[in-house]
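Coordinate inspection notes
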Amino acid sequence: MTQNDTHIETASGQIRAYLAIRPHGVDTPEGVAQWWLGGSFPPDVVEAALERLLASGEMERVNMGQRQLWRGVRAV
């Protein structure tokens, strides 16, 4: 596992933790980076973490006009 993979896994875990406390959280990738992760990770790591969570079915991406929003997948 590379250092970048480790950062992606750490960011993914912190996103999961954020959503565990705030299950209705929705934000842009920039907002996730700043507000959910406290600016601790560069944009490429945040994007990779979001994509990994999307691939695992834990998050979904919603396009709203020119904006891309991310949110956790909630059980119905």
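So, here is what we can say about the structure in this document. A quick note: this is a predicted structure, and the numbers were derived from the prediction, not measured.

1. Overview of the sheet that holds strand β2 (residues 59-64)
The antiparallel open sheet is built from three strands, whose spatial order is β1-β3-β2. A single partner strand is all that each edge strand has here, and the edge strands are β1 (26-27) and β2. Pairing of β1 with strand β3 (residues 67-72), which is carried by two bridges, proceeds in the antiparallel orientation. Each residue of the ladder has a partner; that of D27, found in β3, is W70. Against the sheet, helix α3 (residues 43-55) touches β2 and β3, its axis set at about 110 degrees to β2.

2. Things to note about helix α2 (residues 29-36)
Residue pairs spaced three or four apart in an α-helix point in one direction, given the helix's 3.6 residues per turn. Along α2, the residues classified as buried are P29, G31, V32, A33 and W36. On its buried side, α2 packs onto α1 (3-21), β1, α3, β2 and β3. Downstream of α2 by one or two residues, G38 has phi in the positive range, about 65 degrees.

3. A word on the packing of α2 against α3
For the pair α2 and α3, interaxial distance at closest approach is 10 Å and the crossing angle is 105 degrees. The pairing of α2 with α3 is recorded here as roughly perpendicular in orientation. Residue-level contacts link P29, V32 and A33 of α2 to V46, E47 and L50 of α3. Here the residues of the contact of α2 with α3 sort into five nonpolar, no polar and one charged.

4. A closer look at α1
Compared with an ideal rise of 1.5 Å per residue, which puts 19 residues at 27 Å, α1 spans 27 Å between its outermost C-alpha atoms and is within 8% of the ideal. Looking at α1, one finds that the buried residues are I8, A11, S12, I15, Y18 and L19. Angular distribution of buried residues about the axis of α1 spans 120 degrees; they occupy a single face of the element. Of the exposed residues in α1, those oriented more than 90 degrees away from the buried face are Q3, A20 and I21. As for α1, its buried residues are in contact with α2, α3, β2 and β3.

Parameters at a glance
- Residues numbered from 1 in each chain as written.
- Predicted model: local features only at pLDDT ≥ 70, side-chain atom pairs only at ≥ 80, totals over all residues.
- Heavy atoms only, no water.
- Pairing = 2+ DSSP bridges.
- Helix = DSSP H or I, 4+ residues; strand = E, 2+ residues; numbered from the N terminus.
- Contact = heavy atoms within 4.5 Å.
- Axes fitted to C-alpha atoms, helices over the stretch in contact; angles between N-to-C directions.
- Buried < 20%, exposed > 50% of the residue type's maximum accessible area, 1.4 Å probe, protein only.
- Parallel < 35°, antiparallel > 145°, perpendicular 65-115°, else oblique.
- Nonpolar A, V, L, I, M, F, W, Y, C, P; charged D, E, K, R; others polar.
- Expected span 1.5 Å × (residues − 1).
- Arc of directions from axis to C-beta.

Nothing here speaks to function; it is all geometry.
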